[in-house]
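A look at the structure
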Amino acid sequence: MNWWKKMTTFFSEVRSEIKKSSFPGREEVIGTTSVVLITCVVFAIFLWITDMAIIKGYESIIRALGS
């Protein structure tokens, strides 16, 4: 029965810690989600442009060396 006492103690401590934590409100969740989505779009566009520039650079190097 020692494991039972440990388990009840564990869940008691979990409940105590959860009561100490605070959860964000709806406005905060919407705000931070918007920031994450906008950041993802900006980085995706940046990486796409960078990828296109690298590809064009390699193509011009290959054309110059291949001729």
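Report follows, based on the coordinates. (Residues numbered from 1 in each chain as written. Predicted model: local features only at pLDDT ≥ 70, side-chain atom pairs only at ≥ 80, totals over all residues. Heavy atoms only, no water.)

**Looking at the environment of Thr50**
Relative to the assigned elements, Thr50 resides in helix H2 (residues 26–66). Separated by 39 residues in sequence, Thr50 and Phe11 place their C-alpha atoms 51 Å apart. (Helix = DSSP H or I, 4+ residues; strand = E, 2+ residues; numbered from the N terminus.)

**A look at a nonpolar patch on the surface**
Judged by side-chain polarity, Trp3, Trp4, Met7, Phe10, Phe11, Val14, Ile18 and Phe23 come together as a nonpolar surface patch covering roughly 920 Å² of accessible area. With respect to the helices, strands and loops of the structure, Trp3 is situated in helix H1 (residues 2–20). Judged by relative accessible area, which is 54%, Trp3 ranks as exposed. (Patch = residues over 30% accessible without salt bridge, like charges linked within 9 Å, V, L, I, M, F, W, Y side chains within 5 Å. Areas by Shrake-Rupley, 256 points an atom, 1.4 Å probe, with all protein chains shown as cover. Salt bridge = Lys/Arg side-chain N within 4 Å of Asp/Glu carboxyl O. Buried < 20%, exposed > 50% of the residue type's maximum accessible area, 1.4 Å probe, protein only.)

**A short note on the packing of aromatic side chains**
Evaluation of the coordinates by the stated rule reveals 2 aromatic pairs. Measuring from ring centre to ring centre gives 5.7 Å for Trp3 and Trp4, while their planes differ by 90°; the resulting arrangement is edge-to-face. For Trp4, a relative accessible area of 49% gives the class partly exposed. A centroid spacing of 5.3 Å and a plane angle of 65° characterise the contact between Phe10 and Phe11, whose relative ring orientation is edge-to-face. (Phe/Tyr/Trp six-rings, centres within 6.5 Å; stacked < 30°, edge-to-face > 60°.)

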